[in-house]
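Next come the chains, spelled out residue by residue.
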Amino acid sequence: MNRNIFITCLVLIMQSTAFGQLFSWFGSDDEPVKELLMDRKIQIETTAAINNMYNFKFYEADREFKWLLVKYPNHPIGHFLLGLSDWWKIVPDTGIETYDKSIHGHMDETIDLAEDMLDANGGSKEAAFFIAAAYAFKGRLYAERENWVKSAWAGKQALKYLEKSRGDENINPELLFGDGLYNFYSKWIHENYKSLKPLLTFFRKGDKQLGIAQLENVSQNAFYTRMEARYFLVQIYAMEGQNRKALRMSSMMHSIYPDNSFFHRYAARSSFALGRMQESEVFARELLDNITAGKPGYGDNEGRYGAYMLGYIYNNYKRDKETAKFYYQKCVEFAQSNDSEDAGYSLSSLLALGTIEMDQKNYEKAKSYFDLILDQKNRKSSSYKTAKEKSQELKKLIRKQS
């Protein structure tokens, strides 16, 4: 697991640096490395497609990206954006493997076309950026699939081409994006995964607070990487316990992209963490309603979050134990559907179910829920410790009853 986080963060950092910088180098059909996105009409059309992608309007986005393949068949931009679009299709649940082949295919085409550009112009920074970005996406996907050898190799290739693509570091907000991610995650890994310290000796030291400040700069002032910076900031704020900032950012993004389940889920999570239960209930019900309606991007992950929050609200605020049990059970079912039984909300739901049944003197049923927690591998969680204590208490009650 530690290795998974390290490799994922590493290729993520390299991916983001490349992605953040490549847009400033496009050209026209005759001069493919200089003028493409400087054309105002093309810029507007491409920006609309990117916004459609973030709002999970993938058909509309992909249609515009495919137009780039036709107009610029020898340029990697079309394949890269199609691969990025496929990546966002799995952002809500990276366990989904439906798009793996397509992502790798588009990134391979990106690399091939960019290498042709390098053959024609060995000093092409744009070509190096495309290669670095494509390898980084491949490496991150390999890491998600726990294919460590391929992930490490792709990450190494991304880093090599990233170094080739470096230019003036004194910069515009687009170029700050990768530096911000590197500064934050290299320091975050160092603080949270002591066993990985030897690996970090090969990289320059990061500055976590500087990284956050750089990403905030990008999120306000950049053009192409603004939304990507916000995507990462939402997660960083949550990890750092800055839930007010996480809620502010995720709610804003949810209003801009109301069909993006990732930002919707984080808005629900952040409001719940702040104890804003009325707001959290609205978000949670919307998550479940969108799943029922079959809305793209809404699935088991969103269901797990929404169901747990509603279970918690009914259990602790509305004092409706039966409805609470219904939602807690739904959370467990969603977790079982996407192999996340050991995730926090699932374990907390089992613990709540066991506690309710125990209070209602349904001891055997309560025991079955506590046993499910005790069977999980995550023995350091607070749910495991509490379940162990309650299980021992339950044994005494069962003995007294018999």
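Here's what I pulled together on the structure shown here. Per chain, the residues get numbers from 1 upward, laid out in the order the sequence is written. Local features are withheld for residues below a pLDDT of 70 in this predicted model, meaning they are given only at 70 or higher, and side-chain atom pairs are given and counted only at 80 or more; totals for whole chains, interfaces and linings count all residues. To obtain the side-chain values, all non-hydrogen atoms of the structure were included, while hydrogens and water were left out.

1. Details of the nonpolar core
Part 1 of the argument: We call a set of buried residues a nonpolar core when its members are Ala, Val, Leu, Ile, Met, Phe, Trp, Tyr or Cys and they connect through side-chain atoms within 4.5 Å of each other. Burial classes follow relative accessibility: with a 1.4 Å probe on protein chains only, a residue under 20% of its type's maximum area counts as buried, one over 50% as exposed, and anything between as partly exposed. Core analysis: the biggest nonpolar cluster contains 59 residues, and Met 53, Phe 65, Trp 87, Trp 88 and Phe 263 have the highest contact counts within it.
Part 2 of the argument: The contact partners of Trp 87, leaving out residues within four places of it in the chain, are Ile 103, Phe 137, Arg 140, Leu 141 and Glu 144.
Part 3 of the argument: Core analysis: the next-biggest nonpolar cluster, separate from the first, contains 39 residues, Phe 272, Ala 307, Leu 350 and Leu 353 among them. We call two residues in contact when some of their heavy atoms are within 4.5 Å.

2. Let's talk about a negative patch on the surface
Part 1 of the argument: Taken together, the side chains of Glu 109, Asp 112, Asp 116 and Asp 119 define an acidic patch exposed on the protein surface.
Part 2 of the argument: Per the convention used, a helix needs a DSSP run of H or I reaching at least four residues, while a strand needs a run of E reaching at least two, with both numbered from the N terminus. By the secondary structure assignment, Asp 112 is in helix α5 (residues 100–120).
Part 3 of the argument: Under the relative-accessibility criterion, Asp 112 is labelled partly exposed at 41%. Candidate patch residues must exceed 30% relative accessible area and have no salt bridge, after which like charges are joined if within 9 Å and Val, Leu, Ile, Met, Phe, Trp or Tyr side chains if within 5 Å. Each accessible area is a Shrake-Rupley result for a 1.4 Å probe, and residues are judged covered by the shown protein chains and nothing else. Salt bridges are defined as contacts in which a side-chain nitrogen from Lys or Arg sits within 4 Å of a carboxyl oxygen from Asp or Glu. Neither His nor the chain ends is counted toward charge; the positive residues are Lys and Arg and the negative residues Asp and Glu. Just so you know, the charge point we use is NZ for Lys, CZ for Arg, CG for Asp and CD for Glu.

3. Let's talk about the pattern of salt bridges
Part 1 of the argument: Applying the stated criterion to the full structure yields 15 salt bridges.
Part 2 of the argument: The partner of Asp 259 in a salt bridge is Lys 57, with the nearest N and O atoms 2.1 Å apart. A residue pair is termed long-range when its members are at least 10 positions apart, and Asp 259 in the loop between α12 (243–256) and α13 (261–273) and Lys 57 in the loop between α2 (40–54) and α3 (58–71) qualify at 202 residues.
Part 3 of the argument: For Lys 57, a relative accessible area of 27% corresponds to the partly exposed category.
Part 4 of the argument: Notably, a salt bridge pairs Glu 322 with Lys 325, separated by 3.4 Å at the nearest N-O pair. Here the residue Glu 322 and the residue Lys 325 both occupy positions in helix α16 (residues 321–337), the gap between them amounting to three residues, near one helical turn.

4. Quick look at the packing of helix α18 (residues 363–374) against helix α19 (residues 382–401)
Part 1 of the argument: Look at α18 against α19: their axes get within 9 Å of each other, and the N-to-C directions meet at 150°. Comparing their axes, α19 and α18 come out roughly antiparallel. When you trace α18 past α19, the crossing you get is left-handed. Facing α18, whose interface residues are Tyr 363, Glu 364, Ala 366, Lys 367, Phe 370, Ile 373 and Leu 374, α19 presents Ser 383, Tyr 384, Ala 387, Lys 388, Lys 390, Ser 391, Leu 394, Leu 397, Ile 398 and Gln 401.
Part 2 of the argument: Ten residue types, Ala, Val, Leu, Ile, Met, Phe, Trp, Tyr, Cys and Pro, are classed as nonpolar, four, Asp, Glu, Lys and Arg, as charged, and the remainder, Gly among them, as polar. Of the residues in the contact of α18 with α19, the class split is 10 nonpolar, three polar and four charged. Only the stretch in contact is used when fitting a helix axis, every axis being a line fitted to C-alpha atoms; angles between N-to-C directions are given from 0 to 180 degrees. For classification, angles of less than 35 degrees are called roughly parallel, those exceeding 145 degrees roughly antiparallel, those between 65 and 115 degrees roughly perpendicular, and all remaining angles oblique. Each crossing is labelled by how the near helix is turned from the far one, with a counterclockwise turn of less than a right angle marking it left-handed and a clockwise turn marking it right-handed.

5. Details of the environment of Gly 211
Part 1 of the argument: You can see Gly 211 is positioned in helix α10 (residues 208–221).
Part 2 of the argument: Residues Gly 211 and Asn 183, 28 residues apart in the sequence, show an inter-C-alpha distance of 4.6 Å.

6. Quick word on α19
Part 1 of the argument: In this scheme, a helix's expected span is set at 1.5 Å multiplied by one less than its residue total. Between its first and last C-alpha, α19 extends 28 Å over 20 residues, near the 28 Å set by a 1.5 Å rise per residue.
Part 2 of the argument: Where α19 is concerned, the buried positions are Ser 383, Tyr 384, Ala 387, Ser 391 and Leu 394. Across the axial projection of α19, the buried residues extend over an arc of 80°, all falling on one side. Turned more than 90 degrees from where α19 packs its buried face, Ser 382, Lys 385, Glu 389, Arg 399 and Lys 400 sit exposed.
Part 3 of the argument: Against α17 (344–359) and α18 lie the buried residues of α19. This arc is built from the directions going out from the helix axis to the C-beta atoms.

7. Things to note about the environment of Ala 48
Part 1 of the argument: Relative to the helices and strands, Ala 48 resides in helix α2.
Part 2 of the argument: Judged by relative accessible area, which is 40%, Ala 48 ranks as partly exposed.
Part 3 of the argument: Each C-alpha atom, one on Ala 48 and one on Ala 61, is 7.9 Å from the other, the two residues being 13 residues apart in sequence.

8. Some thoughts on the side chain of Ser 280
Part 1 of the argument: Residue position: Ser 280 is located in helix α14 (residues 277–292).
Part 2 of the argument: On the basis of relative accessible area, Ser 280 is assigned to the buried category, the value being 0%.
Part 3 of the argument: Leaving out residues up to four positions away in the same chain, Ser 280 has contacts with Ala 268, Ser 271, Phe 272 and Met 309.

9. A look at the packing of aromatic side chains
Part 1 of the argument: Working definition: rings of Phe, Tyr and Trp (its six-membered ring) pair if their centres are within 6.5 Å, and the pair is stacked with planes under 30 degrees apart, edge-to-face with planes over 60 apart, and tilted otherwise. A full pass over the atoms with the stated rule returns 23 aromatic pairs.
Part 2 of the argument: A centroid spacing of 5.3 Å and a plane angle of 85° characterise the contact between Tyr 54 and Trp 88, whose relative ring orientation is edge-to-face. Of the two residues, Tyr 54 is situated in helix α2 and Trp 88 in helix α4 (residues 77–90); the sequence distance between them amounts to 34 residues. Trp 88 matches Tyr 54 in its accessibility class, with the two residues each being buried.
Part 3 of the argument: Put simply, the rings of Tyr 54, Phe 56, Phe 58, Trp 88, Tyr 231, Phe 232, Tyr 257, Phe 262, Phe 263 and Tyr 266 pair up and form one aromatic cluster.
Part 4 of the argument: Directly above the aromatic system of Tyr 305 lies the positively charged group of Arg 265, at a separation of 5.4 Å from the ring centroid.
Part 5 of the argument: For the cation-ring pair, Lys 318 lies above Tyr 314, with the distance from its terminal atom to the ring centre recorded as 4.6 Å. Criterion for a charge above a ring: Arg CZ or Lys NZ at most 6 Å from the ring centre, at most 35 degrees from the ring normal.

10. So, unusual backbone geometry
Part 1 of the argument: Located in the positive-phi region is Phe 56, a residue other than glycine, with phi close to 60°.
Part 2 of the argument: Locating Phe 56 in the fold gives a position in the loop between α2 and α3.
Part 3 of the argument: Classification of Phe 56 as buried rests on a relative accessible area of 6%.
Part 4 of the argument: Unlike most non-glycine residues, Arg 319 shows phi in positive territory, near 55°.
Part 5 of the argument: As for its position among the elements, Arg 319 is in the loop between α15 (300–316) and α16.

11. Here's the deal with α16
Working note: α-helix, 3.6 residues per turn, so residues spaced by three or four point in the same direction.
Part 1 of the argument: The end-to-end C-alpha distance of α16 is 24 Å, a good match for the 24 Å that 17 residues give at a rise of 1.5 Å each.
Part 2 of the argument: Considering only its buried residues, α16 is in contact with α14, α15 and α17.
Part 3 of the argument: Positive backbone phi, approximately 55°, marks Asp 339, located one or two places after α16.

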